[in-house]
Amino acid sequence: MRKLALSDEILLQIDKPARYIGGEVNTVMKDPAKVDIRFAMCFPDVYEIGMSHLGIQILYDMFNRHENIWCERVYSPWTDLDKIMRSRHIPLFALESQDPVREFDFLGITIQYEMCYTNILQVLDLSEIPLYSSDRTEEDPIVIGGGPCTYNPEPLADFFDLFYIGEGETAYDQLMKHYIDNKKRGGSRQDFLALAATVPGIYVPSFYETEYNEDGTIRRFYPTHPNAKPTVRKEILMNMGDPDICYPEKPVVPFIKVTQDRVVLEIQRGCTRGCRFCQAGMVYRPVRERDLEFLKDKAYKMLKNTGHEEISLSSLSSSDFTHLEELVTFLIEEFHGKGINISLPSLRIDAFSLDVMKKIQDVRKSSLTFAPEAGTQRLRDVINKGLTEEVILNGAAQAFKGGWNKVKLYFMLGLPTETEEDMEGIAVLANEVARTYFDTIPREERKGQRVQVTASSSFFIPKPFTPLQWAPMFEKEEYLHRARIVNRKFKEQLNHKSLKYQWHEADVTVLEGVFARGDRRTARVLLRAYELGCLYDSWSETFDNEKWMQAFADCGMDYHFYTTRERSLDEIFPWDFIDTGVTKDFLKREWKNAMEGKVTPNCHERCSGCGAKSFGGGVCFEAAN
Amino acid sequence: MKLRIKFSKKEYMKFIGHLDLMRFFQKAIRRADIDIAYSTGYSPHQVMSFAAPLGVGLTSDGEYLDIEVNSADSSEAMKRRLNAALLTHGIEVVSVRRIPDPGFDAQGNALKDRSAMAMVAGADYDLVFKEGHEPKDWDGFCDAFDAFCALEQITVLKATKKSSLTADIRPMIKSCRLDRKSRVITMSLSTGSSANLKPELVMEAFYKGIGSDWDPAVESYQYSMQINRRETYALGENGEWIALEALGEVIE
């Protein structure tokens with residue numbers, strides 16, 4: 001019988017004990033004495049969030065297929081258990097074996113968003129691993145970070161031994177081999193890091209130095225170790241269409257309800273649209289599709305092995321998947337009649353998708369989503385979001401005829417070149433959608449239903465490796481001021497009774513902006529904030545802006561350097577040492593196009609020479625081009 | 001056709017609450033390819049109901065789940081398929097039996113099908129002190145507990161939203177005894193929608209009354225004792241307790 005790390009007494013006192021007991025359906029159990037490497041895979045947020053992440057399921061499956069590696073999972077303990085673990089000195093443990101994380105060879109942390117950074121420190125702290133990598137000894141696990149935030153790893157550079165930049169399916173074999181060989185030879189931790197630096201995609205932060213100019217910008221960033229590469233090129237899985245590549249067939253099934261409680265089928269990676277604000281669209285280039293028969297096979301197997309009652313397709317822009325129609329038809333015919341729900345997010349609204357959604361959704365209850373992102377065509381052209389008002393209103397009209405009466409619209413405020421006309425355009429557009437309902441559906445057919453148009457806006461945060469990475473952010477007060485302008489305009493609309501407008505928090509926006517484009521000096525603020533008690537910053541109930549402001553003050557740092565400061569075109573960014581395939585020249589061209597409001601076509605229409613062609617595959621080499 | 005599944009819930013599965021247990025079985029039934037019936041309407045769900053929810057922290061050898069199926073294999077085959085599909089330690093299917101149709105009354109009218117939950121009348125519980133939590137003066141404790149079991153009236157305070165009421169829980173205790181040698185307390189208590197007495201409440205009544213000298217001073221008596229439900233019962237024709245399993249028939 002597996003012994004739990006936490007006593008009955010503790011488990012019965014805290015919220016949702018099932019978060020910490022492991023033993024879920026499809027977990028992998030191995031004998032620790034029989035493996036060469038123990039890998040603790042961590043998502044630094046609470047169980048329900050971490051278990052919804054597809055990436056960990058893919059890596060968990062990938063590692064465990066190796067007989068000599070045992071990969072287990074670890075998540076952030078919730079605040080109630082965190083207190084108990086600290087007061088009773090209970091070390092953080094992995095779920096499968098319930099063994100302390102500090103006994104593992106590797107602690108891998110996936111870094112998905114900036115507001116989880118204090119949780120990363122919590123995981124290290126509770127695992128009793130020294131927070132600074134320079135303090136770690138031969139006994140401590142190697143701490144490696146992966147995921148989208150590694151495209152600017154610098155704020156976390158002092159806390160990680162290694163970063164894996166890019167897609168995780170490719171370089172781990174090499175890295176693990178070095179680890180095992182080094183151990184056999186009796187090599188040290190430093191010896192291993194030196195070997196790791198030679199593996200493609202691996203960045204060893206301690207092997208680099210930064211020099212700053214008087215004005216605080218970077219003068220030089222350079223390797224100080226012979227093995228350290230001056231440029232680290234991202235790893236990318238180029239044979240994604242290969243019918244033989246691995247993909248989990250038995251994903252772990254949680255006991256408790258988690259945010260994504262369904263089978264997730266990744267149909268492709270990357271996106272052709274080139275929206276200028278979108279980091280994922282840039283760093284996952286070029287677009288690569290999976291094989292259709294492969295997807296059908298995995299869908300069957302995953303549903304059979306989990307018993308889930310819902311399956312969902314995952315990609316940045318599902319409507320652009322070549323075989324979408326065939327795949328969706330297959331899913332509906334095979335599974336819909338058997339009580340299995342099909343969920344299709346990220347679909348463009350057109351005749352096909354409406355037809356499909358009518359079959360699988362209750363139109364009376366579900367809503368249709370559009371993401372115009374900006375209120376006027378002029379601003380949409382600036383950000384290269386090719387969604388016109390005509391397309392939106394036509395789509396809405398078709399949807400209303402099909403029985404829908406709820407529409408969601410997503411926007412951003414704080415985009416570069418934004419004017420009051422653009423802000424007010426959000427309300428005007430929402431009103432047009434409502435008007436379309438009344439124009440399309442005659443009074444007799446409305447059955448007493450109103451149309452509900454809900455618009456929401458977040459505040460734009462410039463991200464590394466996007467054309468808008470040079471854009472300045474605004475003060476928190478300015479963001480709220482803009483939201484109020486929009487809100488006022490909503491109230492003036494003719495159909496205001498059918499409209500609703502919500503806007504996001506501005507506090508968190510500012511912090512996210514600091515770390516998104518931060519450098520190594522922001523690490524001090526992060527640590528100070530953690531020491532002051534900041535944790536679960538992406539949760540509104542625990543986020544404490546005052547503590548963060550205190551942290552900045554204590555460190556004598558002004559966050560405006562990272563947020564509102566204007567960047568010049570020749571500034572060296574902390575993340576410039578990374579090569580994502582997309583060149584900085586392309587980004588500069590796109591930034592110029594943005595300022596001129598010029599649209600760039602998508603990859604299927606015409607190649608714009610972003611540089612991703614250098615990977616030798618994907619959409620760059622399709623017949624269409 | 002209605003099937004009754006008897007299962008045990010042990011080890012770390014005791015931390016899974018009732019709603020999560022339902023969802024666990026929904027998925028397990030899908031994995032096992034059981035031909036379960038779905039309700040009609042806009043959001044079809046599996047036709048299943050549990051007999052008596054078990055509190056978090058308790059283990060059990062006698063839990064019940066009724067499902068409606070369109071077709072069934074033999075009891076043995078379905079039990080095997082379900083157990084192979086559970087994929088977790090701590091839950092085990094003990095038996096799968098067919099619940100016969102309720103039939104007709106004297107006038108020839110079809111009798112209404114009673115749900116397992118509506119039929120539950122009582123349950124047996126074993127209570128054992130967890131390691132390190134046993135009272136040091138074992139004999140003294142046993143004397144006090146024996147005296148408690150012999151009481152004809154046991155009054156507890158039940159706090160409601162507006163006031164507190166006193167209630168006599170003795171009539172809901174069918175039997176209660178402590179075996180000094182094996183160190184197990186056994187209770188048979190009324191359970192179900194009409195009268196429900198939790199074993200924790202019985203222990204609380206003991207510690208607040210006769211047993212105040214042995215009060216472990218913990219908020220939940222689950223911390224000091226492991227409580228196991230041994231069996232769940234319905235009321236028979238003559239007022240006797242019948243195990244829910246006995247009401248079903250084996251499918252060959």
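Keep in mind the model is a prediction, meaning the values are calculated, not measured.

> Is there a simple way to explain the overall build of chain B in this structure?
Looking only at helices and strands, chain B has five helices and 11 strands in total. On the principal axes, the C-alpha backbone points of chain B span a range of 55 × 45 × 40 Å. Excluding contacts between residues fewer than 6 apart, the proportion of contacts in chain B whose partners are at least 24 apart in sequence is 70%. For chain B, the exposed area adds up to about 12600 Å²; of that, 50% sits on carbon and sulfur atoms.

> Explain the confidence of the model for chain B to me, please; I cannot follow it from the model alone.
In low-pLDDT segments, the atomic positions of the prediction should not be examined closely. Across chain B, pLDDT averages 90, with 98% of residues at or above 70. Across the assembled chains, the prediction reports ipTM 0.92 with pTM 0.94.

> What is the right way to read the sheet that holds strand β2 (residues 69–75) of chain A from this model?
Strand pairs in the sheet, formed through backbone hydrogen bonds, run parallel or antiparallel to each other. Residue and element names in this part refer to chain A. A sheet is described by the order of its strands in space; here six strands give the open sequence β2-β1-β3-β4-β5-β6, paired in mixed fashion. Two strands close off the open sheet at either side, each with one partner strand: β2 and β6 (202–203). Relative to β6, strand β5 (residues 162–164) runs antiparallel, the two sharing two bridges. Residue pairing in the sheet places tyrosine 164 in a bridge with isoleucine 202 of β6. Contacting β1 (37–43), β2 and β3 (106–110), helix α3 (residues 54–64) runs over the sheet at an angle of about 155° to β2. Seen against the sheet, helix α6 (residues 172–184) touches β1, β2, β3, β4 (142–146), β5 and β6 and runs at an angle of roughly 135° to β1.

> Whenever I open this one, the side chain of A:Arg285 confuses me. Can you help?
Residues and elements named next belong to chain A. Among the secondary structure elements, arginine 285 is positioned in the loop between α8 (279–283) and β12 (288–289). As a buried residue without a salt bridge, arginine 285 has its nearest oppositely charged side chain in glutamate 590, at a separation of 6.9 Å. Not counting residues within four places of it along the chain, the set of residues in contact with arginine 285 comprises Lys234, Ile236, Cys271, Thr272, Gly274, Val582, Phe586, Cys603, Cys610, Ala612 and Phe615.

> Can you help me understand the layout of surface pockets in this one?
To find leftover empty space, one rolls a probe the size of a water molecule over the atoms. Reported here for the second largest pocket is a volume of approximately 500 Å³. A:Met1, A:Leu6, A:Ser7, A:Asp8 and B:Lys14 are, among the 18 residues lining the second largest pocket, the residues nearest its centre. Classifying every residue of the lining of the second largest pocket by side-chain character gives six nonpolar, four polar and eight charged.

> Sorry, what's going on with the environment of A:Asn431 here?
All names here are of chain A. By secondary structure assignment, the location of asparagine 431 is in helix α14 (residues 420–440). Sequence separation between asparagine 431 and leucine 494 is 63 residues, and the spatial gap between their C-alpha atoms is 7.3 Å. With residues near it in sequence (within four places) discarded, asparagine 431 still touches Gln493, Leu494, Asn495 and Leu499.

> I'm lost on the sheet that holds strand β10 (residues 263–266) of chain A in this one. Help?
Residue and element names in this part refer to chain A. If you walk across this open sheet you meet the three strands as β10-β13-β14, and the pairing is parallel. Of all the strands in the sheet, the pair left with one neighbour each is β10 and β14 (341–343). Going from strand to strand, the sheet's axes swing by 20° on average, the running direction of each strand aside. Where strand β13 (residues 310–314) meets β14, three bridges bridge the pair, whose relative direction is parallel. Its bridge partner lying in β14, isoleucine 311 is registered against isoleucine 342. The strands touched by helix α9 (residues 292–306) within the sheet are β10 and β13, with β10 carrying the most contacts at an inclination of about 165°. Of the strands in this sheet, β13 and β14 are in contact with helix α10 (residues 324–335), which crosses β13 at around 175°.

> I would appreciate a short explanation of the packing of α6(A) against helix α7 (residues 189–196) of chain A in the present structure.
For any two helices packed against each other, the geometry comes down to the angle between their axes and how far apart the axes lie. Residue and element names in this part refer to chain A. At a closest axis distance of 10 Å, the pairing of α6 and α7 adopts a crossing angle of 150°. Relative to α7, the element α6 is oriented roughly antiparallel. The two elements α6 and α7 cross, and the hand of that crossing is right-handed. Here Leu175, His178, Tyr179 and Asn182 of α6 come into contact with α7, specifically with Asp191, Phe192, Leu195 and Ala196.

> Help me out: how do you make sense of the interface of chain A and chain B in this one?
A common way to state how big an interface is: give the accessible area lost once the parts meet. Every contact between the two is made by 31 residues of chain A and, on the other side, 24 residues of chain B. Regarding the contact of chain A and chain B, the summed buried area is about 2400 Å², with carbon and sulfur atoms giving 61% of it. Together, A:Asp8, A:Leu12 and A:Phe255 form the three largest contributors to the area buried by chain A at its contact with chain B, with a combined 25%. Summed over the shared surface of chain A and chain B, the number is five salt bridges. For A:Asp8, the salt bridge identified is with B:Lys130, shortest N-O distance 2.8 Å. Where chain A meets chain B, there are 10 residue pairs in polar contact (both at pLDDT 80 or more). At the level of elements, α1 (8–13) and α9 of chain A are the ones that each hand at least two residues to the side of chain A that touches chain B. By residue number, the principal contributor to the side of chain A that touches chain B is α1(A), which donates five residues. Here the residues of the side of chain A that touches chain B sort into 11 nonpolar, nine polar and 11 charged.

> Would you take a moment to explain the pairing of β2(A) for this structure?
Along any regular strand, the residues point their side chains to alternate faces of the sheet. Residue and element names in this part refer to chain A. Across the seven residues that make up β2, a large majority, seven, are buried. Every second residue of β2 is oriented toward a common face, with Ile69, Cys71, Arg73 and Tyr75 on one face and Trp70, Glu72 and Val74 on the other, all of them buried. Inspection of the sheet shows β1 paired to β2 by seven bridges, in the parallel sense. Its bridge partner lying in β2, cysteine 42 is registered against valine 74.

> What exactly am I supposed to notice about helix α15 (residues 476–492) of chain A here?
Side chains that are three or four residues apart share a direction in an α-helix, a result of its 3.6 residues per turn. All names here are of chain A. For α15, with 17 residues, the first-to-last C-alpha span of 25 Å sits near the 24 Å given by 1.5 Å per residue. Among the residues of α15, those classed as buried are Tyr479, Arg482, Ala483, Ile485, Val486, Asn487, Lys489 and Phe490. Each element contacted by the buried residues of α15 is listed here: β16 (406–413), α14, β17 (452–459), β18 (499–503) and α16 (507–516).

> Help me out: how do you make sense of helix α5 (residues 117–126) of chain A in this one?
The element α5(A) is largely enclosed, with a buried count of nine among its 10 residues. Looking one or two residues past α5(A), A:Glu128 carries a phi angle of roughly 65°, positive in sign.

Procedures and definitions
Residues numbered from 1 in each chain as written. Chains lettered and ligands numbered in written order. Predicted model: local features only at pLDDT ≥ 70, side-chain atom pairs only at ≥ 80, totals over all residues. Heavy atoms only, no water. Helix = DSSP H or I, 4+ residues; strand = E, 2+ residues; numbered from the N terminus. Contact = heavy atoms within 4.5 Å. Areas by Shrake-Rupley, 256 points an atom, 1.4 Å probe, with all protein chains shown as cover. pLDDT = per-residue confidence, 0-100. Pairing = 2+ DSSP bridges. Axes fitted to C-alpha atoms, helices over the stretch in contact; angles between N-to-C directions. Buried < 20%, exposed > 50% of the residue type's maximum accessible area, 1.4 Å probe, protein only. Lys, Arg positive; Asp, Glu negative; His and termini not counted. Salt bridge = Lys/Arg side-chain N within 4 Å of Asp/Glu carboxyl O. 1 Å grid on protein atoms, 1.4 Å probe; cavity = no way out; pocket = protein on both sides within 12 Å on 5 of 7 lines; lining within 4 Å. Points joined across faces, edges and corners; volume = space filled by probe spheres on them. Nonpolar A, V, L, I, M, F, W, Y, C, P; charged D, E, K, R; others polar. Parallel < 35°, antiparallel > 145°, perpendicular 65-115°, else oblique. Left-handed = near helix turned anticlockwise from the far one by under 90°. Buried area = accessible area lost by both parts, 1.4 Å probe. Polar contact = N/O pair within 3.5 Å; in protein donor to acceptor, adjacent residues only side chain to side chain. Expected span 1.5 Å × (residues − 1).

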